[in-house]
Each structure stands twice: as C-alpha cells, then as structure tokens.
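Listed here are the chains, written in short residue letters.
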Amino acid sequence: MEISFINLELSNVLFLFFVGFVGGLVSGFIGSGGAFVLTPAMMSMGVPAIMAVASNMCHKFPKALIGSMKRAKYGQVDVKLGIVLGISAEAGVLYGATIQTQIKETFGDVGSNLYVSMVFVVVLAVVGGYVLRDAIKIYKSGSTDGTAKTTKLALWVQSVNIPGTMMYFPSIGAKVSVLFTIPIGFLTGMLAATIAVGGFIGVPAMMYVLGVPALMASATELVIAFIMGMGGTIKYAIAGYVDIRLAMVILAGSLFGIQLGAIGTTYVKDYTVKIVMGVIMMLVLVSRGLMVPVYLSKMGYLEEWWGMGTLSENTIQFLDKTSYVMLIFALGVGAVIILYALISGYMKHNKEQAAAN
Amino acid sequence: MESKRNAVFMTVLLGVMSATCYYLLYHFNEQILEWSKQGGWYFMVPVSIAFLFSIVHGGFTGHFWDLLGVKAKTTKKS
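Everything numeric here is computed off the predicted structure, so don't read it as measured data.

Undergrad: Mind showing me how you'd approach the overall build of chain A here?
TA: Secondary structure assignment for chain A yields twelve helices and two strands. What you see in chain A, going N to C, is helices and strands ordered as α-α-α-α-α-β-β-α-α-α-α-α-α-α. Against the compact-globule benchmark of 21 Å for 357 residues, chain A has a radius of gyration of 20 Å, which places it among compact chains. Expressed along its principal axes, the backbone C-alpha trace of chain A runs to roughly 65 × 50 × 45 Å. Among the 357 residues that make up chain A, the fraction classed as buried is 53%. Taking as baseline every contact in chain A between residues at least 6 positions apart, the subset at least 24 positions apart corresponds to 82%.

Here's what the structure looks like:
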C-alpha cells in the first residue's frame, strides 16, 4: 500500500481535539473509551482504516501513561496486575489481528465488518448488561461506600491454589494463579484487536473474575492500555502507518480530559465507574446492532435466511449515519455522567470542608 | 503566596514548552512524515515524539487543572 497522509484542515483538527478531550475524560474515569469514535471519525476524514487504527494507537499509549501515573498517585493502580495482564493482552492482540486478517481474506471487508459487529453485540449485551445491572443493584441497596460484594466466582478464583503459579496482587489482597490472569489478559487483547476497546472486557473481568474493586480495575486498565498501545504503535510504526500529526492533535485534547477524568474518580463511589461503563456499553451495543442488518443484507443473508430481499441504499445510509451518531452520543452521555459526578462530588466536599472549618 | 506564584510559573513554563513542541511538529511536519512513512527503525520517530509530548503536555494539563482549583479529593487507598 502506498502511504500518503491527508491534508489537515482546521475543522478536522478542532473536531479531533474535542473528541480527544471527551475520550480522554472517559478513559481517565473508566480506563478506556474514545477509540470507538476516533477511528471512524478519522476514516470519515479520508484517513485509510489502517492508518486511523495506527494513529489512534499512537495517541492511546501516551494518554494511558499519563492517566495511570495520575491515578497511581491516588493509590488506585495495581502496577503488578497491570503488567501481568498487559503482557498476555499483547499476545491476545497479535492473535486477534491474525484472526481478523483470516476473516477478511475469507469473507472480504463486509464479512469482516459483520464479524466485528457481531462480537460487539454479543460481548456488550452480556458483559455490559451485567455491569449495568450490578451498578443499579448497588445503588438501590444504599451501600454507603458504594462497593459491591466480591462475586462467588472471584472468591473461588482466589481460593484456588496451584503451586508455582501463585502471585500476590495488592488490589485483590490475595494470591491468585497466573493461570487465571493469562486468559483474561489474552481475551482483553483479542477484543482490543477486534473492536479497539479491550477495556470493555478487561475491567469487568478484573472486577467479577478476580475481585478487584471497580475504581482500581479501571485504573489498572490504563497500565494494560499503555502496554497494548505501545506494542501496537511500534508494530504499525515499523510498517510506516502512523500519522503522528493526527495522534498528537488527539493527544492535545485527551491529556486535558484524562487528568479531569482521573481527578473525578476521587469524588465518586465505586459503582459510578460501573454506571458509566454499563451505559456506554449499552449505547455502543445499539450503535453496532444497527449495522448488523446492513452487513447481513450486503452479504445476501437477509434474502437467503429470511427471504427479505436486500436493504435499499437509502436505508443503508440512514442506518450507517444513525450508528455513527449513536457512538458519539454514547461517548457524550458517558462524559456528562462523569462531569455531573465530578461537579456534585466537588461541591459536596467543599460544603463538608466549610462546615468542618 | 509563594507556592501560588510557583504554580503559575510552572504552568506557564510547561504551557510554553508544549506550544513550542506543537509549533515544531507543525513547522517540520513534512520531514517528520517523510521519516515516519519509511518504517523500519524510523518507528523511533513517532514513538519518541509521542513520549516527549506526553511528558511535556501531560505536565502542562496536570498543572492547568490544579491552577484552576480542580484537584483530587483525597488518596483513596495505598
């Protein structure tokens, strides 16, 4: 492929800066986010898909570095767990990319898009639904500290002792076999290679399978994102696909956002992370779900399986646009919840301080 | 008062450094992109730029919110 870079217009720069800011805000809070809007946004500006993915990766690792350093100051990062999961995630990214290439070669672009959308829909419906239900349950229970009980699965994982594989993780407060952490990291990486947001599985897996508190899980995810982003960037940069201008414009906005998102975590209860994550996952699910009939129609399955004929060009365009707007909406809703939680937490804290004085 | 003055100084200093980095990237963008697209060992170019910007601009954004009074509440856990 001949590598050529687009001309950057001011409107595109401002748009990427703004989306970078909102994406950074969400990432600083839940450990990931933004990529699912940024990659299609760059593609809509005429950036080839592979360069959009590469440039997105190149803004992700410095952003995750700053975010994880900030949250480490608040004592929320389990560096050891992040590194252990990050290394296996890197292997998952490489394997996921191979699968993606094979699917593309076998079923073409549309087949590959259908596969990605189906993975999105299934993972987000199951995991996102569970996260949101859990958050609502904690909220309704009136728990004062906002933390959930450790799940039965996590208690079992923590009780299993496989000699020679046990490792102590501060965020869990117990020894866990790396035979459990390796598959979690691997799946996170595989998902990151497929849908660009590994955190949608990494954070819930840390919370429900390993028993890590939500705030620590989302902070530790930033370490994983740094390792994965760094590995991915090197891989794409060796092939010459990184447009550093795009990456740094996004980074300019996202570093403002990630600092704010990280500060926000100190004012909220544990379940707020789950609410933001669950809501975003549900909205992204709707967005990707809208595209499934489009790909099914293009591959002729609508007619073959249900005898429905194919979708008209107008319908396809409508679904495509609605799906993209829905992605931006998902990120926006997440940002609004975070800002609301930050402002109300900040005001409450100030009142308490004033009363104490 | 002294610490407030220091905070302003650090924010302005990092802000100027960050703006300079972005200006240099804009000014030399053609040469930088030419190196980037060669790939191979030239992967060091975008990766080094990303690290440099993260330190300088990351430092600036941190001080920026701090100066505006947007600070973390307390340390959660150690």
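So much for the structure itself; the text now carries on.
Undergrad: Hey, could you run me through the packing of helix H1 (residues 10–30) of chain A against helix H9 (residues 244–264) of chain A in this one?
TA: How two helices sit against one another is set out by the angle between their axes and by the gap between those axes. All names here are of chain A. Here H1 crosses H9 at 35 degrees, and the two axes come no closer than 6 Å. Relative to H9, H1 is oriented so that their crossing is right-handed. Its residues placed into classes, the contact of H1 with H9 shows 19 nonpolar, eleven polar and no charged.

Undergrad: Please clarify how the pairing of strand E2 (residues 174–177) of chain A should be interpreted in this entry.
TA: The side chains of a regular strand alternate, first on one face of the sheet and then on the other. Sheet topology note: the strand E1 (residues 166–169) of chain A/E2(A) ladder contains four bridges and is antiparallel. The residue bridging A:Tyr168 from the neighbouring strand is A:Lys175, located in E2(A).

Undergrad: Hey, could you run me through the interface of chain A and chain B in this one?
TA: Where interface size is quoted, it is often the accessible area lost as the parts come together. Across the boundary between the two partners, chain A contributes 33 residues, which contact 32 residues of chain B. The greatest single-element share of the side of chain A that touches chain B, amounting to eleven residues, is contributed by H9(A). For the side of chain A that touches chain B, the per-class residue count stands at 24 nonpolar, seven polar and two charged.

Undergrad: Just checking my understanding: could you explain the packing of helix H6 (residues 178–195) of chain A against helix H7 (residues 199–210) of chain A for this structure?
TA: Residues and elements named next belong to chain A. As a packed pair, H6 and H7 sit with axes 8 Å apart at the nearest point and diverge in direction by 155 degrees. The pairing of H6 with H7 is recorded here as roughly antiparallel in orientation. Here H6 runs over H7; the crossing is right-handed. In this structure, H6 uses Phe180, Ile184, Leu187, Thr188 and Leu191 to contact H7, whose residues at the interface are Phe200, Ile201, Gly202, Ala205 and Val209. A breakdown of the residues in the contact of H6 with H7 according to their chemical character gives eight nonpolar, two polar and no charged.

Undergrad: Just checking my understanding: could you explain the environment of A:Ala217 for this structure?
TA: All names here are of chain A. With respect to the element layout, Ala217 can be found in helix H8 (residues 214–238). When the 29 C-beta atoms within 10 Å are taken as the criterion, Ala217 is described as buried. The spatial distance from the C-alpha of Ala217 to the C-alpha of Gly199 is 9.6 Å, given a sequence separation of 18 residues.

Undergrad: Got a minute to help me understand the nonpolar core in this structure?
TA: Soluble globular proteins tend to bury their nonpolar side chains together. Residues and elements named next belong to chain A. Membership of the largest hydrophobic core comes to 120 residues, with the highest contact counts inside it found for Phe226, Ala247, Met281 and Val284. For this core, the element with the most residues is H8, which contributes 15 residues. Those residues in contact with Met281 that lie beyond four places of it in its chain are Leu124, Val127, Gly128, Val131 and Phe200. The next biggest cluster of nonpolar side chains, apart from the first, holds five residues, and it includes Leu114, Val294, Tyr295 and Leu296.

Undergrad: I keep staring at helix H12 (residues 313–356) of chain A and nothing clicks. Help me out?
TA: Note: α-helices contain 3.6 residues per turn, so residues at a spacing of three or four share the same orientation. All names here are of chain A. Between its first and last C-alpha, H12 extends 64 Å over 44 residues, near the 64 Å set by a 1.5 Å rise per residue. Burial in H12 covers these residues: Ser323, Leu327, Ala330, Leu331, Gly334, Ala335, Ile338, Ala341 and Leu342. Of the surrounding elements, those touching the buried residues of H12 are H1, helix H2 (35–44), H9 and helix H10 (270–298).

Undergrad: How should I be thinking about the environment of A:Ile238 in this particular structure?
TA: Structurally, A:Ile238 is set in helix H8. C-beta crowding within 10 Å serves as the criterion here: with 16 such atoms nearby, A:Ile238 is assigned to the partly exposed category. Taking the C-alpha atoms as reference points, A:Ile238 and A:His59, 179 residues apart in sequence, are found 16 Å from one another. With sequence-adjacent residues up to four places away left out, A:Ile238 is seen in contact with B:Gly39, B:Gly40 and B:Phe43.

What counts and what doesn't
- For every chain, the first residue of the written sequence is number 1, and numbering continues from 1 along that sequence.
- Throughout, the order in which chains and ligands are written sets their labels, letters from A for the former and numbers from 1 for the latter.
- Local features in this predicted model are restricted to residues of pLDDT 70 or higher, and side-chain atom pairs are both shown and tallied only at a pLDDT of 80 or more, whereas totals for entire chains, interfaces and linings draw on every residue.
- Here a strand is any run of E in DSSP of at least two residues, a helix any run of H or I of at least four, and the numbering for each starts at the N terminus.
- In this description the radius of gyration comes from C-alpha coordinates, and the expected globular size is given by 2.2 Å times residues to the power 0.38.
- Here the C-beta atoms are placed from the backbone, and a residue counts as buried if at least 20 other C-beta atoms lie within 10 Å of its own, exposed if 12 or fewer do, and partly exposed otherwise.
- Once C-beta atoms are placed from the backbone, any two residues with those atoms within 7 Å are in contact.
- Note on geometry: axes are C-alpha line fits, over the in-contact stretch for helices, and angles between N-to-C directions span 0 to 180 degrees.
- For any pair of crossing helices, the crossing counts as left-handed if the nearer helix is rotated counterclockwise from the farther one by less than a right angle, and right-handed if it is rotated clockwise.
- All residues other than Ala, Val, Leu, Ile, Met, Phe, Trp, Tyr, Cys, Pro, Asp, Glu, Lys and Arg, Gly among them, are scored as polar; the first ten of these are nonpolar and the last four charged.
- DSSP bridges decide pairing: two strands pair if at least two such bridges lie between them.
- Orientation is classified from the angle alone, with under 35 degrees giving roughly parallel, over 145 giving roughly antiparallel, 65 to 115 giving roughly perpendicular, and any other angle giving oblique.
- Residues of type Ala, Val, Leu, Ile, Met, Phe, Trp, Tyr and Cys that are buried and joined through C-beta atoms within 7 Å form what is called a nonpolar core.
- Working rule for helices: expected span equals 1.5 Å times residues minus one.

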